[in-house]
Amino acid sequence: MRTVKLLSGLSLMTLVSACNDAGSISYTDEQKQSVTVTTPDQVSYQPLNPARGDASPQAGVLWGDITKDVPSGMLLKFAEGFSSPPHIHNITYRAIVIDGEIHNDDPDAANMWMGPGTFWTQPAGEVHITSARPGVGGTGFLEIMEGPYLVHPGDKAFDNGERPLNLVSSNMI
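Now for a look at the structure at hand.

Definitions and limits used
- Residues numbered from 1 in each chain as written.
- Predicted model: local features only at pLDDT ≥ 70, side-chain atom pairs only at ≥ 80, totals over all residues.
- Heavy atoms only, no water.
- Helix = DSSP H or I, 4+ residues; strand = E, 2+ residues; numbered from the N terminus.
- Buried < 20%, exposed > 50% of the residue type's maximum accessible area, 1.4 Å probe, protein only.
- Contact = heavy atoms within 4.5 Å.
- Areas by Shrake-Rupley, 256 points an atom, 1.4 Å probe, with all protein chains shown as cover.
- Core = buried A, V, L, I, M, F, W, Y, C linked by side-chain atoms within 4.5 Å.
- Pairing = 2+ DSSP bridges.
- Phe/Tyr/Trp six-rings, centres within 6.5 Å; stacked < 30°, edge-to-face > 60°.

## Section: the overall build of the protein chain
Looking only at helices and strands, one finds two helices and 13 strands in the protein chain. Counting only residues that meet the buried cut, the protein chain has 36% of its 173 residues in that class. Considering only contacts within the protein chain whose residues lie at least 6 apart along the sequence, 72% involve residues at least 24 apart. Of the accessible surface of the protein chain, which amounts to about 9,600 Å², a share of 52% is contributed by carbon and sulfur atoms.

Listed below in structure tokens is the structure:
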């Protein structure tokens with residue numbers, strides 16, 4: 001039986017609306033029995049990159065295990081003004097901004113601050129940076145379909161054929 005953690009106190013409806021293409025969710029009786037409600041203060045956070053310590057975003061794994069080859073979901077807290085060095089990931093992920101403002105793009109791109117409810121994808125092998133707006137910070141929900149979730153230097157970039165997407169209303173035509 002899979003346990004799903006739901007958060008109250010964060011913009012859960014924003015998260016659900018952004019994740020659910022159909023616009024409504026229905027659960028089987030078995031699924032309803034496996035739901036666990038978790039409040040934000042019950043989420044256990046650890047540095048996403050332990051080698052960077054306090055300079056790392058804080059990760060709160062909600063399900064799965066980001067160190068293994070399983071689907072996983074986590075909350076990421078970015079400190080005010082945080083900016084990562086250029087890097088890549090070994091896997092593709094998708095993410096939604098829960099609160100604050102986050103920038104995720106090519107290292108040479110102008111900052112495009114994404115607010116709550118905005119969505120982005122990051123293809124495996126694509127060099128990017130992730131930042132939180134100075135004075136604001138940010139929290140995002142990140143989901144991977146396979147793992148482990150690894151970070152590598154930008155010089156290890158590769159093209160897997162996917163392209164990144166930043167879905168922000170001010171950036172759509």
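Now that the structure is up, let's keep going.
## Quick word on the side chain of T121
Mapped onto the elements, T121 comes out in strand β9 (residues 119–122). The buried category is assigned to T121, whose relative accessible area is 17%. Excluding residues within four positions of it along the chain, T121 makes contact with Y93, R94, R163, P164 and L165.

## Some points on the nonpolar core
If you look at the biggest cluster of nonpolar residues, it comprises 20 residues, and the most contacted ones within it are L48, M74, L76, Y93, W120, L142 and Y149. Counting residues per element, the ones that place at least two in this core are β5 (72–78), β7 (93–100) and β11 (138–144). Residues contacting L48, with those up to four places away along its chain left out, are S56, P57, A59, I66, M74, L76 and Y149.

## Here we look at the sheet that holds β7
As summarised here, the arrangement of the seven strands in space is β3-β4-β5-β11-β7-β9-β13, forming an open sheet in which the pairing is antiparallel. The open sheet has two edge strands, β3 (46–47) and β13 (165–167), and neither has a second partner.

## Regarding the packing of aromatic side chains
One pass over the full model with this rule turns up four aromatic pairs. Judged by centre distance (5.6 Å) and plane angle (35°), the rings of F78 and F82 are tilted. For F82, a relative accessible area of 11% puts it in the buried group. With 6.4 Å between their ring centres and 80° between their planes, Y93 and W120 make a pair best called edge-to-face. Here W120 lies in strand β9 and Y93 lies in strand β7, a separation of 27 residues in the sequence. Of the residues examined, Y93 reaches a relative accessible area of 4% and is grouped as buried.

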